[in-house]
Amino acid sequence: MSNLSTEIAMRTCRHGQLRGWLIFLVILGHSTGLAGSLGADDVAHTPWWILAGVMPQGPSIDMGTYKISSFSKSQQEQFGVNQHGQIMDFSR
């Protein structure tokens, strides 16, 4: 595991909200079977908010068998994103 991955893992353990994302990203990023089947344009990128150290502060969204974090209304306005963290306003 790289230093960045270790740092993210440590933050995730302290802030349980991102635990699911971390597990997903580690599996996706280190799975040779999946990585080998993806084309150059299909590579998964680490979400901007993890790279920037931003913690989603909105309510958890129940997806049936799992829950995901969401961005609060104030974070959506501040960063120009939707509740899922997708960038909607690139000028911010």
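Bear in mind that the values here come from a model prediction, so they are computed numbers and not experimental data. (Residues numbered from 1 in each chain as written. Predicted model: local features only at pLDDT ≥ 70, side-chain atom pairs only at ≥ 80, totals over all residues. Heavy atoms only, no water.)

A. Representation of the overall build of the protein within the structure. On a plain count of helices and strands, the protein comes out with five helices and two strands. Shown N-terminal to C-terminal, the secondary structure of the protein runs as helices and strands in the order α-α-α-α-β-β-α. Counting across all 92 residues of the protein, residues that qualify as buried make up 29%. Within the protein, counting contacts between residues at least 6 apart in sequence, those at least 24 apart form 25% of the total. Roughly 6,600 Å² of accessible area belongs to the protein as shown, and the carbon and sulfur atoms make up 57% of that amount. (Helix = DSSP H or I, 4+ residues; strand = E, 2+ residues; numbered from the N terminus. Buried < 20%, exposed > 50% of the residue type's maximum accessible area, 1.4 Å probe, protein only. Contact = heavy atoms within 4.5 Å. Areas by Shrake-Rupley, 256 points an atom, 1.4 Å probe, with all protein chains shown as cover.)

B. Structural view of the packing of aromatic side chains. Summed over the entire model, instances satisfying the criterion amount to four aromatic pairs. Aromatic side chains Trp48 and Phe71 sit 5.7 Å apart centroid to centroid with 20° between the ring planes, which places their arrangement in the stacked category. One end of the pair, Trp48, is in helix H4 (residues 48-51); the other, Phe71, is in the loop between strand S2 (67-68) and helix H5 (73-79), with 23 residues separating them in the sequence. Accessibility expressed as a relative area gives 3% for Phe71, which makes it buried. Ring centres of Trp48 and Phe79 lie 5.2 Å apart, and the angle between their planes is 55°; this geometry places the pair in the tilted category. Placement of the pair is Trp48 in helix H4 and Phe79 in helix H5, with a sequence separation of 31 residues. For Trp48, a relative accessible area of 24% corresponds to the partly exposed category. With relative accessibility at 24%, the residue Phe79 sits in the partly exposed group. Through pairs of rings, three or more aromatic residues link up here, namely Trp48, Trp49, Phe71 and Phe79. (Phe/Tyr/Trp six-rings, centres within 6.5 Å; stacked < 30°, edge-to-face > 60°.)

Purely spatial values, then, with no claim about function.
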